[in-house]
Amino acid sequence: MEAKIYGFGKWKDQTFAFDDKPLTIISGKNEAGKSTVHLFILYVLFGLSPKQREFYRPKTGGALGGLLVVQLEGFGRVTLERVDDLRGGEVVCRLSNGEEYGEDWLNNHLSGMNRTVFESIFSFTAADLLKLRQIDGHELGEVLLNIGLTGSDHIYQTEKWLMKNVNDRFRPKGRKPIINQQLHRVDELNQERITKQAEVIHYESLSELKKEKEAQIARAESEIYSLYREQYSYEQLQKALPILTEYHQYKDMESTRVVFPEEGRMRDQQLKEAILPLESEAHLVSSQIETIKLKRESLVNKIAEEQLFSRAGKLLKQEQEYGRAVHEMDNLHQRAEQLRSQVLEELSHLDIGLNAEELTEFTFPFHLEDTWRSLQEESRILNTEEEQLTDQESRLRGEKESLSDQIHSLETDMMDENEAYQIQRQIEETLHKENMPAGHSAIVWNHRRITYSLLAGLFIMIGWLITVLTNEMFYGILASVLALLPIVGAVRSHAQSSEKPLPQQNQPLSIEEWKKKLHNYEQQKYERSNLVKQWKAANHEEILLDEKKRSLIQKGSTFEMAIQEQERLYPFLTKVSIDHWDKLFHLFTRVQSKQMEYEQIEKYIMEKSAMINQIKPLMEKFYRDNKWEWDEQQMPFAFDYVRNWFDKQQQLRKDWDTIDQQLKEAKSHLNDVSVRLDALEKKRDYLFSQAQVSDEEAFYRQLKAYEAQLERDKNIDRLTHQVKGMLSEEEQGLFRVWEDPPHETEVRIRLQESNERRKRLEEQLRSAQQQLADTKSDISNLESSEEYSSALHELESERNTLREQAKEWATYQVALHLLNQTKTKYKNTYLPQVIDSAAIYFNRLTGGNYKGIHLSKEEERVVVEHKDLQWFDVEELSRGTKDQLYVSLRLALGKTMAESTPLPFVIDDAFVHFDEERLGEMFRILEEVAVHHQVLLMTWRDDLDRYFKQSSVQYL
């Protein structure tokens, strides 16, 4: 597994790689982020609510989320990525072949498990153990049973809630439950309803009579209403007859209609009112145009040529540059004089034979200072080494002379080496003769001869063997020559042993004296050997010293070449000791920089002077072209004079542009007025054509005839409106008032007939109304009590309430029954397996003190069996033993569930109350579980890896 956190709580851009080992330890102190890693894993698998996601959003900004890389059977390596801002916070599952799936795919492979189920089975902490200590054995049994069913203790809580709701609603022999009380209430109301039902029979017959009279009255009222309407219509027609007579008189007066434009009088008046001001305005604008032309002609002689005006503008643009150049030249002259005096003073102090102009001829590369400093250091080193070699040479010379004198003195006092050898031989022969039998020397000779022969043969054999292997004759010849040496040595040894004894001394010496003399020789020989070694050592040291001298001479030659190269490049160095080159570098570069600045300033002065000299001729020419008097001394004030002239010319040009613009606007205005006048005159001609006249006088005659026609139309409209206000459209059509209205006599007769018929119907109506009133009075007396209807309504309402309560009780009862059936099935099928596994773990964790865990069938109560056969309830156990019992149950439950849903155990500091012995056993159990089931153990301790054979550790 691998976890990569983009941002979650305190973690940001962090990766945790869990290797293939089944047990992983995540170690860190408090506040190190262990629980945050735990919650991140849960977030990727199951998500979080928006409010919870805001709590874990990184404080420093960035995305909330990350990914988990897991191994799934049948799919291999699968990446689970969940980011808050992407895809609405849903997870994305990427397979190794590139396919992608969503939340449903993950839920399917989690077998529908949610976060609550996962935390109840595969994840537990010290807080879970604390929660366990607050429940007794019966509750623990219920919780264990329900967690086994659904992965949480929700069923236990649900069952308690269902039992309470069932008992609160109904009990067969109870009185306080809600349904029991409602049944008693319904029985009482039903008896009251039967008593009131007899009164209903008489009430129903009166109701039928009431309906008949109401129908009769309604018919009479309808007929009377129709008669009233008819009578009203004739009365209105009678009033409208004079108006209709006048209307038909006006209609008969109409003949040919006059044609005249709509609102002709007003339109003609409006056109007159519009044309007169425009004509006055046209005359006024023409006068303004003449005035503007006179003003423009007066400006022509005052405005200078455009080329001269443009030159003045260019000169004024150079004014600031000219003033700045003059000011800068003054400053540059002062700075140049200051630098020149400083350069001459410092050159005089340096005294290196250079003038100021020669300073800038030399260029100093960036490494020159280091080069001079290294040469200076090398000079000091060479001088020091030369002095050391001189001292060593003098010391070695004296040492060799002393050793040579000592060697010569010893060689003078020492006997000859051959003489010493003869003395040694004589002593040995004398001793052999005294101690050995006769013929011994021949035996020794024979032994030596055999030894030398074997050595010679061995040399020859080895040499020619190498010759055969390497095919080189040199090795065979060399071996033959070497073989001769042992033979020659043997012959010489034999010859010496056969020589005569030492010459007799004048006075024969004893053996002891010969030994003493020989000892003195050996001592002198040893002393001489030591002196020779010392002399050779001194001689070797002298040779090495010569090598150092040659090396020093070579270094000196190289050094001199480097010095000469620097003096060639910089001749002024010949006047300065190398010990002062480093100081010279700084002084020279400083005075050189000043000289370079001085030359640069001189260059700037020349440039500024050239620029000033360019502007002066232009100004002089401009003055002369304007015929102004020119004086070079007035140059500082010339720009002011030119500016004043330029401003005046600029103002004249603005005045010209203003007048020109006014002239254009006036002409445009005049043109607009003319166009508008033409348009109005065309409108007036069109108005005359609509009235079918040619002039204004005929137009007004036509207007008078048209107004008389409008008056008639107005009267007709007025009369029509009055008739319509008095008669409805239906009455207008019925009486044909617009075509042939009825006569006044006919209207009067019909009105009288309608009135008589109405009076007869009103008499019948009054009789029916009296009968209805009597019937209603009887009904009212029966209904005034409202006892029966109230009793009936209340009974039905209480029955509805009873039915709803019965439905609720039946729902809770069925749910409780189904839940008990499910619990029984699980208890008989899976729970024994969980209890047996938990008992094994519990026995190991308690060191064999408890041999079993039992769940009572009657009470579903968890009890534990001690090794001495005593049984204990959960609340009787110690805090540590309770923790061990709870961990055993959780491991056993997870082991059983993992057979169908293989998810990792996540344990967060759940063993804080275990002693070392129990802790060791707990870790052995976890290691066994980890063989078939991945385990993530989070702890504050950093030494837990010593408890496990195969584990990986992540330190936070």
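In the nomenclature of an unreviewed UniProt entry, the protein chain is known as AAA family ATPase of Halobacillus locisalis.

(A) Structural context of the packing of aromatic side chains. Following the criterion strictly, the structure yields 18 aromatic pairs and no others. Note on F572 and F588: the rings are 4.6 Å apart at their centroids and 10 degrees apart in plane angle, and the pair reads as stacked. Highlighted residues: F572 in the loop between α17 (511-569) and α18 (581-625) and F588 in helix α18, separated in sequence by 16 residues. For F572, a relative accessible area of 2% gives the class buried. Three or more aromatic residues link up through ring pairs in this structure, and these residues are W372, Y570, F572, W581, F585 and F588. Taking the ring centre of F309 as reference, the NZ or CZ of R653 above it sits at 4.1 Å.

(B) Broad picture of the side chain of D84. Following the sequence through the fold, D84 ends up in the loop between β5 (76-83) and β6 (91-94). Excluding residues that lie within four positions of it along the chain, D84 makes contacts with Y43, R53, R57, L64 and G89.

(C) Just the packing of helix α10 (residues 264-299) against helix α20 (residues 696-726), in detail. Between α10 and α20, whose axes approach to 10 Å, the crossing angle comes to 150 degrees. The angle between α10 and α20 places the two elements in the roughly antiparallel class. Contacts between α10 and α20 involve G264, R265, D268 and K272 on the former and, on the latter, E696, F699, Y700, L703 and E707. Residues that form the contact of α10 with α20 fall into these classes: three nonpolar, one polar and five charged.

(D) Just the layout of surface pockets, in detail. Reported here for the largest pocket is a volume of approximately 1,000 Å³. In this structure, the largest pocket is lined by 34 residues; those nearest its centre are V70, Q71, L72, P902 and Q934. Counting residues per element, the ones that place at least two in the lining of the largest pocket are α1 (34-46), β4 (65-72), β5 and α3 (103-109). Top contributing element to the lining of the largest pocket by residue count: β4, with five residues.

(E) Broad picture of unusual backbone geometry. Despite not being glycine, E31 has its phi angle at roughly 70 degrees, a positive value. Mapped onto the elements of the fold, E31 is located in the loop between β3 (23-27) and α1. Although it is not a glycine, L869 sits at a positive phi angle of roughly 75 degrees. Tracing the backbone shows L869 in the loop between β10 (862-866) and β11 (871-873). Overall, L869 belongs to the exposed group, its relative accessible area being 57%.

(F) Layout of the sheet that holds strand β2 (residues 11-17). Taken in spatial order, the six strands make up an open sheet running β2-β1-β4-β5-β6-β7, and their pairing is antiparallel. Each edge of the sheet is formed by a strand with only one pairing partner; in this case those strands are β2 and β7 (100-101). Examined bridge by bridge, β6 and β7 share two bridges and lie antiparallel to one another. Within the sheet, the bridge partner assigned to C93 lies in β7 and is Y101. Each of β1 (2-8), β2, β4, β5 and β6 is contacted by α1, which is oriented at about 75 degrees to β4, the strand it contacts most.

(G) Spatial organisation of the confidence of the model for the protein chain. Predicted confidence across the protein chain gives a mean pLDDT of 78, with 85% of residues reaching 70 or more. Looking at the elements of the protein chain, mean pLDDT is at its lowest for helix α6 (residues 137-150), recorded as 48, and at its highest for β6, recorded as 92. Within the model, pLDDT remains below 50 along residues 147-153, and this stretch shows 25 contacts once partners closer than five positions in the same chain are excluded. In this model residues 498-507 is a low-confidence stretch, pLDDT under 50, and it forms six contacts with partners more than four residues away in sequence or in other chains.

Reading guide: rules and limits
Residues numbered from 1 in each chain as written. Predicted model: local features only at pLDDT ≥ 70, side-chain atom pairs only at ≥ 80, totals over all residues. Heavy atoms only, no water. Phe/Tyr/Trp six-rings, centres within 6.5 Å; stacked < 30°, edge-to-face > 60°. Helix = DSSP H or I, 4+ residues; strand = E, 2+ residues; numbered from the N terminus. Buried < 20%, exposed > 50% of the residue type's maximum accessible area, 1.4 Å probe, protein only. Lys NZ or Arg CZ within 6 Å of the ring centre and 35° of its normal. Contact = heavy atoms within 4.5 Å. Axes fitted to C-alpha atoms, helices over the stretch in contact; angles between N-to-C directions. Parallel < 35°, antiparallel > 145°, perpendicular 65-115°, else oblique. Nonpolar A, V, L, I, M, F, W, Y, C, P; charged D, E, K, R; others polar. 1 Å grid on protein atoms, 1.4 Å probe; cavity = no way out; pocket = protein on both sides within 12 Å on 5 of 7 lines; lining within 4 Å. Points joined across faces, edges and corners; volume = space filled by probe spheres on them. Pairing = 2+ DSSP bridges. pLDDT = per-residue confidence, 0-100.

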